[in-house]
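# Inside the fold
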Amino acid sequence: MLRIFHNTSYDFIRWWRVAVGLTVAFIAIGIGSLALKGVNYSIEFTGGTLKQLSFKTPMDAGKIRSTMDHAGFHDAEIQQFGSPRDFTLRFRGAEEVAAQSAGAELVSKRVDSVLYTAFGRNNVTVVRTEAISPTVGSELRRNAIIAILLSFAITLVYLAIRFEWRFGLAAIIATGHDVFTTLAFVKLLHLEVSLTVVAALLTVLGYSLNDTIIIFDRVREDLRKGRKESLYDTLNRAINETLPRSILTHATTAAATLALLLFAGEVIRPFAWVMLFGIVTGTFSSIYIAGPVLIWIEHKYPRNVPATAWKGSSTATPTSRTKPSAATATR
Amino acid sequence: MSLKYRIAIILALIGLSAWTLFPRTTTERVKRNGVYVVDTVKRVPLKRGLDLQGGMHVALEVDESKGVIANKGEAIDRALKVVRTRIDQFGVSEPLVQKAGNDRIIVELPGIDDPQRAMDVVQKSAFLQFQITDKTGALEKALPRLDAAVKSIASNVKATPGAAAPAAAPTDSAKNALQGLFSKDTTKKAPGDSTKNDTAVTTGGVFSKLIQQGQMPGEYYVAQNEVPTVQRYLANPVVQGAIPPGKVIRWSSDTTSLGSQTYRAMYVLDARPIITGEYLTDAKPSQTPTEGTVVEFTLNNEGGRRFRNETSKHIHDYMAIVLDSLVMGRPPVIQSAIGTQGQITLGGRDLQAAQDLALVLRAGALPVPLKISEVANIGPSLGADSIHHSIIAGEIALALVVIIMIGYYRFSGVLAVFGLAIYTLWTLAALAGFDATLTLPGLAGFVLSIGMAVDANVLIFERIREELDHGKSTRLAIDEGFRHALPAIVDSNVSAALTAAVLYQFGTGPVRGFAVTLLAGIAASMVTAIFVVRTFYIIWLTRNTDQKALSI
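Computed from a prediction, not measured in an experiment: that's the story for all the values here.

When helices and strands are tallied, chain B shows 16 helices and 19 strands. For chain B, the residues scored as buried account for 44% of the 552 residues in total. Once local pairs closer than 6 in sequence are excluded, the contacts in chain B between residues at least 24 apart make up 73%.

Here it is as structure tokens:
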């Protein structure tokens, strides 16, 4: 049988300081940039108008811009969307958004007439219009945040029931980490935060949680066996034992995500990017965030069990690396 | 559970799924040669969202810009009924009209290709009023005050050069032509006042200069290019204060052209309507040779009685038919008392316009003005394109996953791939069975789930390998592998399902479609991995009498 990463005994947890350093730096860069330049929300969240145009012949973005400028839309954001015949226009300047308070369709109607006058009805087709008034936008934004927080709370409760609160908390912290890294990634790639991206983020959270649970399930199982080893070693062994599974599952998921990224078209691309990054950050956080956090919680709030089953648990902190080869030794 | 039952259950589920997904003939409204007809079509019963089939999504809320509405909750419920009645008659297949939250109405019209018309039908207040045109010359008397009011605000507006200055005045020749044409009529129909008023109108201040006396009492003409200027003046509170009490100013719905110049009529009307559209019982479009397109309406008995009463008091007066603050056609003169029948002249508009007007009149007036808070409009070609791309991505994803699984797990991988095929079938069937809507993010989620669905298989296979490593027999290793992998599979899937449920609860439209697909996928993948692939193994074990080693 074909095997990869079989019977490994890498000391993953050993590198937690380096890993945490890296991820904190990444988050700092991303969130710092967010704090400076703000979130690039889609019009769903800010209010505004989006038009997707399809021209009959390749069109120059500059020409669209001058047309829009001429018509008084100085804040129009014009972007090529796939082929040189397809463009998206976004109108979300303060003036345009304010105009939409009286009726979301108003700016859209004006843009239509400008386009048809400038380019002719036969040469340009508006294939998609989205117009959202500012009040709806802020409501959607609030709902998205509630959704993420609520999913955390529910997961915490579920894991507390199925495992115990220590595992639940560690899993939630790891997942929370993924929210920040993904936001940083979204910012660094200049992706637009749309409802679809929020959906992708929640999928990433589910995926990452899934990964954490697979490892914790091994830890839970090994703990029940009452092996005489530290949690540090148990965790390392759990990660090593689930390594082939992790590689395989990440490979198939990445394959599906790449297919989406490359072939599913422009609309889905931001979703695919977030998902692709999610596979990386989910895997990373399951090992380097969930693990060390569990050890830290265990150290801080040791559980009340017979000392025989938990020998060494008091020293099982990430800092106690007195027996770095313990993982191999126990095998 | 014996093997027989397992196979029976799987086959039954496959059969049920195939039946659910089997293309069936449904009766629906489809578009043929530009008109909607009810016809039978054969299609897979998977409901596609607006982003996939094209169409329009509109969210409406109460417009409070023109006054606060007291009982919003109740008003929106009544508005919902009116909008639903209108949409039902509008002629789209599978429209959706529903309340969202406490104060919003969502309208979804799949496959619509004239969004503007749809928006008009939904948003039109359809508030019908019959008002008598002013015959006291109230506007002429108020002109000095109006001119003064306009002058007082004009000084403010002049600060911004260009914008405020009234657009180019109509050429003198056109002005003269207009007066020449109308003055005869005016003297005939409103003797006495008109000559005097004419001079007052043409020689007065800023406001007076913009308007021309029309041929019936209370009628005035404004050059089309001046209409925005006049409207701006009239919207100003100072000017509004100068409008004679008990009178309202309403614009005509149509323009009149005279020579090279286009004019729009403006009417001064008695503010109190003699009757409103609430008594209307029926309205139907019609075309007459003399008046063009008209909408004929019928009032109920009470309305007819009132109408007869009022009109008999106003014989020889002119009655404006005002719909949503616009005067429809030229006000006709009341020859004799009118009963339950009447008509609204639409001038040059086509039969479609008459149909739409009749439709909104029948459905009744909106109890409150509605404004659009959200509109999304997707062309059908874009939707078809999205489906096409998603299918390609799905096929490639499937091919890659099959290669990885069979390449790594060989025979067991083949079993997993069979499981994946059943998974695909079941997920789609679940979506069809629960009448869920497939959206573009949903399709993406489905493609993604192909990659994720094998996770449970991978977990099980890895466990079986471990058990085999421990030297267990094939049969025992398979049993133990499934047993040990189960808690991890259940926990990870349940927590993922909980997240999807939250997404469903808080998502809208496409995102909701994504959550549904995710939920269906999670359930189907668990069942295939735990139950179906297990059954495959059992079949293999019963046939594997010569104790061959398991290819995994």
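Turning to the domain arrangement of chain B, a few remarks are in order. Taken as a whole, chain B is organised into domain 1 (3–23 + 379–543), domain 2 (55–123 + 371–378) and domain 3 (125–351). The C-alpha-based centres of domain 1 of chain B and domain 2 of chain B are spaced at 39 Å.

Owing to its 3.6 residues per turn, the α-helix brings residues three or four apart onto one side. The buried fraction of helix α9 (residues 231–241) of chain A amounts to eleven of the eleven residues, a majority that puts the element mostly inside the structure. Residues Leu231, Tyr232, Asp233, Thr234, Leu235, Asn236, Arg237, Ala238, Ile239, Asn240 and Glu241 of chain A constitute the buried set of α9 of chain A.

Spatially, eight strands are ordered β2(A)-β3(A)-β1(A)-β4(A)-β18(B)-β4(B)-β6(B)-β5(B) in an open sheet, and the strand pairing comes out antiparallel. Of all the strands in the sheet, the pair left with one neighbour each is β2 (77–81) of chain A together with β5 (96–100) of chain B. When the angles between neighbouring strand axes are averaged without regard to direction, this sheet yields 20 degrees. Where β2 of chain A meets strand β3 (residues 83–91) of chain A, five bridges bridge the pair, whose relative direction is antiparallel. By the bridge assignment, Gln80 of chain A is partnered in β3 of chain A with Phe87 of chain A. The strands that helix α6 (residues 134–162) of chain A touches are β4 (124–132) of chain A together with β4 (55–62) and β18 (370–378) of chain B; relative to β18 of chain B, the one it contacts most, it runs at about 70 degrees.

All names here are of chain A. Two elements in contact, helix α8 (residues 195–225) and α9, have axes separated by 9 Å at closest approach and are oriented at 125 degrees. Between α8 and α9, the angle falls in the class oblique. Crossing angle aside, the handedness with which α8 passes α9 is right-handed. Contact residues: α8 offers Ile215, Arg218, Val219, Asp222 and Leu223, while α9 offers Thr234, Leu235, Arg237, Ala238, Ile239 and Glu241. A per-class count over the contact of α8 with α9 returns six nonpolar, one polar and four charged.

Take the interface of chain A and chain B next. Contacts between the two partners involve 56 residues from chain A and, on the opposite side, 56 residues from chain B. Counting residues per element, the ones that place at least two in the side of chain A that touches chain B are α5 (105–119), β4, α6, α8, α10 (243–263) and α11 (269–288) of chain A. It is α10 of chain A that contributes the most residues to the side of chain A that touches chain B, 13 residues altogether. Residue composition of the side of chain A that touches chain B, by class: 33 nonpolar, 17 polar and six charged. Relative to β18 of chain B, β4 of chain A is paired through five bridges, and the arrangement is antiparallel. Among the inter-strand pairings, Glu130 of chain A is bridged to a residue of β18 of chain B, identified as Ala376 of chain B.

Residue and element names in this part refer to chain B. Reading across from one edge, β8-β9-β11-β10-β16-β15-β7-β12 is the order of the eight strands in this open sheet, with mixed pairing throughout. Taken across any chain shown, the strands that pair with only one partner, and hence form the sheet edges, are β8 (211–213) and β12 (275–276). Across two bridges, the pairing between strand β15 (residues 319–323) and strand β16 (residues 326–327) is antiparallel. Across the sheet, residue Leu323 finds its bridge partner in β16, namely Leu326.

What follows covers unusual backbone geometry. Notably, Asn7 of chain A is not glycine yet its phi reads approximately 55 degrees, a positive angle. Here Asn7 of chain A lies in the segment before α1 (16–37). Asn7 of chain A gets classed as exposed once you count the C-beta atoms within 10 Å, which come to 12. With a phi close to 60 degrees, Asp435 of chain B is a non-glycine residue in the positive phi region. Note on placement: Asp435 of chain B falls in the loop between α13 (380–433) and β19 (437–438).

Residue and element names in this part refer to chain B. Most of β18 sits out of view: nine of its nine residues are buried. Relative to β18, β4 runs antiparallel, the two being bridged by eight bridges. Among the inter-strand pairings, Met56 is bridged to a residue of β18, identified as Asn377.

What follows covers the domain arrangement of chain A. Interface size is commonly expressed as the accessible surface area that is lost when the partners come together. Examined at the domain level, chain A breaks down into domain 1 (13–39 + 137–329) and domain 2 (48–132). Its C-alpha centre places domain 1 of chain A at a distance of 41 Å from the equivalent point of domain 2 of chain A.

All names here are of chain B. Relative to each other, helix α3 (residues 72–88) and helix α12 (residues 351–363) sit at 145 degrees, their axes nearing to 9 Å. For the element pair α3 and α12, the recorded crossing hand is right-handed. Facing α3, whose interface residues are Val82, Thr85 and Arg86, α12 presents Leu359, Val360 and Ala363. In the contact of α3 with α12, the residues fall into four nonpolar, one polar and one charged.

This part covers helix α15 (residues 474–506) of chain B. Here α15 of chain B is 33 residues long and its end C-alpha atoms lie 47 Å apart, about the 48 Å a rise of 1.5 Å per residue gives. For α15 of chain B, the principal kink sits at Leu486 of chain B and spans about 35 degrees; a proline, Pro487 of chain B, occurs within the next four residues.

Further remarks concern the nonpolar core. Among soluble globular proteins, nonpolar side chains are generally buried collectively. Counting 230 residues, the largest nonpolar core has Ala171 and Leu260 of chain A together with Val295, Leu361, Val447 and Leu503 of chain B as its most contacted members. Contacts of Leu503 of chain B, omitting those with residues within four sequence positions, involve Ala147, Ala199 and Leu202 of chain A together with Val511, Phe514 and Ala515 of chain B.

Another point: the environment of Leu205 of chain A. Mapped onto the fold, Leu205 of chain A is located in helix α8. Along the sequence, Leu205 of chain A and Pro244 of chain A sit 39 residues apart, while their C-alpha atoms lie 21 Å from each other. Setting aside anything within four residues of it in sequence, one finds Leu205 of chain A in contact with Ser151, Thr175, Asp178 and Val179 of chain A together with Thr499 of chain B.

Parameters and conventions
Residues numbered from 1 in each chain as written. Chains lettered and ligands numbered in written order. Predicted model: local features only at pLDDT ≥ 70, side-chain atom pairs only at ≥ 80, totals over all residues. Helix = DSSP H or I, 4+ residues; strand = E, 2+ residues; numbered from the N terminus. Buried ≥ 20, exposed ≤ 12 C-beta atoms within 10 Å, placed from the backbone. Contact = placed C-beta atoms within 7 Å. Domains from an automatic or database assignment. Pairing = 2+ DSSP bridges. Axes fitted to C-alpha atoms, helices over the stretch in contact; angles between N-to-C directions. Parallel < 35°, antiparallel > 145°, perpendicular 65-115°, else oblique. Left-handed = near helix turned anticlockwise from the far one by under 90°. Nonpolar A, V, L, I, M, F, W, Y, C, P; charged D, E, K, R; others polar. Expected span 1.5 Å × (residues − 1). Bend = angle between axes of the 7 residues up to and from the residue. Core = buried A, V, L, I, M, F, W, Y, C linked by C-beta atoms within 7 Å.

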